[in-house]
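Close look at the chain arrangement
The residues making up each chain are set out below.
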Amino acid sequence: MVWLRPPPGDDPPGKPCLVLSEDRWWEGTLVWEPARRQDGLWWATVTYEKRGEVVTEVRSQHDVRAR
C-alpha cells in the first residue's frame, strides 16, 4: 500500500521536499500539521535555503512537492 500522506504520528521531522517560492522550486524539509485546516488544505512548516539564507515559513500543500 502506498500512502499519499503517512498516517498521523508517522511523519519524520524534516521530511525532504521542494518548496515553491518566487516561481522556483527550492530544496528543503517540511513538517506537516496534524490535521487539515478549515480551508480543507494540508499545511506544513517548511525550512529551505534560498540565495544563501535559511527561510522557515508555513506553506500549504500547493507550495510543496515530494523530493
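The preceding data block contains the structure.
Residues numbered from 1 in each chain as written. Predicted model: local features only at pLDDT ≥ 70, side-chain atom pairs only at ≥ 80, totals over all residues. Heavy atoms only, no water.

**So, the nonpolar core**
- Among the nonpolar cores identified, the biggest contains 11 residues, and these are Cys17, Val19, Trp26, Leu30, Trp32, Trp42, Ala44, Val46, Tyr48, Val55 and Val64.
- Elements supplying a minimum of two residues to this core: strand 1 (15-21), strand 2 (24-32) and strand 3 (43-50).
- The residues contacting valine 64, other than those within four sequence positions of it, are Leu18, Val19, Trp25, Leu30, Trp32, Val46 and Arg59. (Core = buried A, V, L, I, M, F, W, Y, C linked by side-chain atoms within 4.5 Å. Buried < 20%, exposed > 50% of the residue type's maximum accessible area, 1.4 Å probe, protein only. Helix = DSSP H or I, 4+ residues; strand = E, 2+ residues; numbered from the N terminus. Contact = heavy atoms within 4.5 Å.)

**Some points on the packing of aromatic side chains**
- Summed over the entire model, instances satisfying the criterion amount to 0 aromatic pairs.
- Sitting above the plane of the tryptophan 26 ring, arginine 24 keeps its charged end 3.9 Å from the centroid.
- Positioned over the ring face of tryptophan 43 is arginine 37, at 4.6 Å from the centre of the ring. (Phe/Tyr/Trp six-rings, centres within 6.5 Å; stacked < 30°, edge-to-face > 60°. Lys NZ or Arg CZ within 6 Å of the ring centre and 35° of its normal.)

**A closer look at the pairing of strand 3**
- Inspection of the sheet shows strand 2 paired to strand 3 by 5 bridges, in the antiparallel sense. Bridging across to strand 3, leucine 30 finds its partner in valine 46.
- Relative to strand 4 (residues 53-60), strand 3 is paired through 8 bridges, and the arrangement is antiparallel. Counterpart to glutamate 49 in the pairing with strand 4 is valine 54.
- What sits between strand 3 and strand 4 in their antiparallel hairpin is a turn of 2 residues, with arginine 51 showing a positive phi close to 55°. (Pairing = 2+ DSSP bridges.)

**Remarks on the pattern of salt bridges**
- All chains considered together, the criterion is met by 6 salt bridges.
- In this structure, the salt-bridge partner of glutamate 22 is lysine 50, at a minimum N-O distance of 3.5 Å. Taken together, the positions of glutamate 22 in the loop between strand 1 and strand 2 and lysine 50 in strand 3 put the pair 28 residues apart, joining distant regions of the chain.
- Owing to a relative accessible area of 15%, lysine 50 belongs among the buried residues under this scheme. (Salt bridge = Lys/Arg side-chain N within 4 Å of Asp/Glu carboxyl O.)

**Remarks on the sheet that holds strand 2**
- Spatial ordering of the open sheet is given by 4-3-2-1-5, a layout of 5 strands whose pairing is antiparallel. Looking at the sheet topology across the chains shown, the edges are occupied by strand 4 and strand 5 (64-66). Neighbour-to-neighbour, the strand axes of this sheet turn through a mean angle of 40°, independent of strand direction.
- Bridging between strand 1 and strand 2 involves 7 bridges; their strand directions are antiparallel. Looking at the pairing, valine 19 lines up with tryptophan 26 of strand 2. (Axes fitted to C-alpha atoms, helices over the stretch in contact; angles between N-to-C directions.)

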